Every structure is written in C-alpha cells, then in structure tokens.
Amino acid sequence: MSALLLDGRAAADAILAQLKPKVAKRNPVLAIVQVGDDPASSSYVKQKLNSCAQIGMLSEHRHLPADASEDDLRRTVEELNANDAITGFIVQLPLPGHLAHFESWVRDAILPEKDIDGFGAWNTGRMLRSKEDEIMPPATPAGIVALLEHYKIPLAGKHVVIVGRSATVGKPLAVMLLHRDATVTVCHSKTLNLHTFTTQADILVVAVGKPKMITAEMVKNGAVVVDVGINRIGEKLVGDTDFDGIRSIASAITPVPGGVGPMTVAALIANCVRAKELQQGEL
Ligand code: NAP
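The model shown is predicted, which means the values in this text are computed figures rather than measured ones.

## Considering the overall build of the chain
Alright, step 1. Along its length, the chain carries 10 helices and 11 strands.
Alright, step 2. The C-alpha radius of gyration computed for the chain amounts to 19 Å, which stays within 12% of the reference 19 Å derived for 283 residues, consistent with globular compactness.
Alright, step 3. When its C-alpha atoms are laid out on the principal axes, the chain stretches across 50 × 40 × 30 Å.
Alright, step 4. Every one of the 283 residues in the chain was classed for burial, and the buried ones make up 52%.
Alright, step 5. Excluding contacts between residues fewer than 6 apart, the proportion of contacts in the chain whose partners are at least 24 apart in sequence is 71%.
Alright, step 6. Entry remark: accessible area of the chain is about 12,700 Å², with carbon and sulfur atoms responsible for 54%.

## Some words on the side chain of S41
Alright, step 1. Secondary-structure assignment places S41 in helix α2 (residues 39-54).
Alright, step 2. Setting aside residues no more than four positions away along its own chain, S41 makes contact with Q34, Q92, L93 and P94.

## Re the site of the ligand
Alright, step 1. For the ligand, the set of nearby residues contains 20 residues, the closest of which are R165, S166, S189, I230 and T264.
Alright, step 2. Take S189: an N or O atom from its side chain is 2.6 Å from an oxygen atom of the ligand.
Alright, step 3. Between K210 and the ligand, the recorded distance is 3.2 Å, taken from a side-chain N or O atom to a nitrogen atom.
Alright, step 4. For the ligand, the accessible surface in isolation is 930 Å², of which the surrounding protein chains cover 69%.

## Examining the packing of helix α1 (residues 8-26) against helix α6 (residues 139-150)
Alright, step 1. Between α1 and α6, whose axes approach to 10 Å, the crossing angle comes to 95 degrees. Here α1 is positioned roughly perpendicular relative to α6, judged by the angle of their axes. Along its contact with α1, which presents G8, A11, A14 and I15, the element α6 presents A146, L147 and H150.
Alright, step 2. Its residues assigned to classes, the contact of α1 with α6 comprises five nonpolar, two polar and no charged.

## Some remarks on the sheet that holds strand β3 (residues 58-64)
Alright, step 1. Read from one edge of the open sheet, three strands run β3-β2-β4, paired in parallel fashion. If you trace the sheet from one side to the other, it starts and ends with β3 and β4 (88-91), each paired once. Here the average twist between neighbouring strands, direction ignored, is 15 degrees.
Alright, step 2. The pairing of strand β2 (residues 29-35) with β3 spans seven bridges and is classified as parallel. Among the inter-strand pairings, V35 is bridged to a residue of β3, identified as L64.
Alright, step 3. Of the strands in this sheet, β2 and β4 touch helix α10 (residues 260-279), which is tilted by about 125 degrees from β2.

## Observations concerning unusual backbone geometry
Alright, step 1. The linkage connecting L93 with the following residue, P94, adopts the cis geometry, with an omega of 0 degrees.
Alright, step 2. Looking at the secondary structure, you find P94 in the loop between β4 and α4 (103-109).
Alright, step 3. Going from V256 to P257, the amide bond is cis rather than trans, its omega being 0 degrees.
Alright, step 4. With respect to the secondary-structure elements, P257 resides in the loop between β11 (252-253) and α10.
Alright, step 5. Positive phi outside glycine occurs at N27, with the angle close to 50 degrees.
Alright, step 6. Of note, N193 is a non-glycine position whose phi angle comes to about 50 degrees, a positive value.

So, how was this worked out
Residues numbered from 1 in each chain as written. Predicted model: local features only at pLDDT ≥ 70, side-chain atom pairs only at ≥ 80, totals over all residues. Heavy atoms only, no water. Helix = DSSP H or I, 4+ residues; strand = E, 2+ residues; numbered from the N terminus. Rg over C-alpha atoms; globule rule 2.2 N^0.38 Å. Buried < 20%, exposed > 50% of the residue type's maximum accessible area, 1.4 Å probe, protein only. Contact = heavy atoms within 4.5 Å. Areas by Shrake-Rupley, 256 points an atom, 1.4 Å probe, with all protein chains shown as cover. Near = heavy atom within 4 Å. Polar contact = N/O pair within 3.5 Å; in protein donor to acceptor, adjacent residues only side chain to side chain. Axes fitted to C-alpha atoms, helices over the stretch in contact; angles between N-to-C directions. Parallel < 35°, antiparallel > 145°, perpendicular 65-115°, else oblique. Nonpolar A, V, L, I, M, F, W, Y, C, P; charged D, E, K, R; others polar. Pairing = 2+ DSSP bridges.

Here you go:
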C-alpha cells in the first residue's frame, strides 16, 4: 500500500478560491507584525502575504527592527487595534529573545474581533464551548481539521492520538476534534511508552518539533498520519515523522513541506474574512 498524499497546497488553493468572492465583497485587510529578521519567520510572513495576494486580499507588513523595544511593539499593537482600515492582524512569533517574555501580553492585547490567529484568551475560551463557538479558531488546528475534511476523512468515532500539547497546536486541536466526535488521546514529553498510544491511532497527529521521531513501528497499518512538525536540517525541511518509512503502511499522510503549512495560512485568511463578517454584524 502506498498512502494517499494529503496535499495541503491543493487543499489550501481550494479553500482560498472559495474565499475569493467573499474577499471581493467585503474587502478585509490583514496585517502582520514582524519583529526582526529571523529567516523562518520571514519565510512564513512571505507565504501569508503571497496567499493574500493570490485572492486579491489587501495586506500590510509592519516590520519592526530586531532591537525594537516593548514600547515599540505595544504602540504598534495599539495602533492596529484602533485602525479601522485593518480587519485583523497577527504578531509573528517567536519574538526576539529580549521580547520573549512579552508574548503572552501580545496574545491578549490584540482585540478579540481582530485576533485572527485565535491565540487570545477570549477566542481560546470561546472555542472551548462548542463547534459553533469556533469563531476565530487557532489557525494550525483549524487548518488540520480543514485538511481532513477536504479529503473526506471521517472523524466521528475515530481514535485520534495527538503527540504534542502546545497551546497553539495540540491542546486546541484536541478540543476541535472532540467537537467533531472523535475520541482523542493527547501525548506529551512525560507520556510513558509513547508507542503504545501511537499504535492505537486511527488518525495520528504529530506536533513535537523533533525530526522523524515517529517511525513506522509506531504507526498502525492503515492509519492517517498528519505531520505538523517543521524542522530545518541544513537547507532541507523535514517533519516529525519518518515519511518514507511510514508511507507504505499508512492509508494517508501529509508531506512536509506542503502539508499542514499551507493549510495554516489558508485558515488564517479564512479567520480574517470571518473577522470582517463579525465586525459587519453578519455572524
Ligand atoms: P512546542 O510548543 O515546542 O510543543 C511541543 C510539544 O511536543 C510539547 O507538548 C512537548 O511536550 C511535546 N514533546 C516534546 N518531546 C516529546 C517527546 N519525546 N515525546 C512526546 N512529546 C514530546 O511546539 P509547537 O509550537 O506545538 O510546534 C510543534 C512543531 O510543529 C514544530 O516543529 C513547529 O515548527 C511546527 N508547527 C508547524 C506549524 C505549521 O503550520 N505547519 C504550525 C505550528 C507549529 P511537553 O508539553 O511535555 O513539553
């Protein structure tokens, strides 16, 4: 068996094409605040700006120098909150070391109706309640759910095992999958005998940040494998799973790159469109 490739670029293109008429009608504007010139962040910012352009959505790049102060960042966030021309915005994380302690302030300082990354306490709390309350869900979990839905992979009654419990990926994804009637197990660095959980998964999602840590022996025959990890090895990007080893036993698998990454961008843009609908009293 060779696994079906869950092509995130194709699925993201389909989602963006569906958003295009809404963008033309409502003209949402997305802004990205970047502090410094971390190459990975610059590449993610570029992908987001390119995807906006792909569907005719206006975007702004607020690029602050690497030595920007807390006050510089605070002023930028406050200006974007108050700026009626901006529908939604994100602060690209991680921040440079001297501002790292400021990340949690940033998450909650963005107005809930402009918080298109869905990282603030208001959006996080609201999405906990029900599927209908996922107004601005965090972009990566929303992208993963959209990818599985795009490929018509059933979730109800399936055992999903998530490796990784971060506040931006693993934890909110667990909630979103519960809302879709999956049975969810969440594993982390203190989980004992990890393979005893991963080998039970109908759908295995890995969001750890360790290259190829999930090997074929840790995957059930016929499982669907979603690899969220992005690890840079020299010039190459690799995921958290051993793609070549696993693709012969899985029924479906995401590539890295080209799997979850483009879906995260599409979900962010979908959130910006929803933010505009929310602000216009449509939701
Ligand atoms: P994170 O905040 O560092 O969280 C990593 C998680 O992995 C933690 O919950 C940690 O457990 C767990 N973990 C670490 N070692 C483990 C082990 N040996 N066994 C089991 N669990 C282990 O990372 P993140 O932000 O969720 O990101 C994870 C990966 O996804 C990274 O490679 C990141 O670049 C990538 N990512 C990709 C996208 C995308 O759009 N494709 C978006 C976001 C992130 P503890 O909680 O116990 O420490």
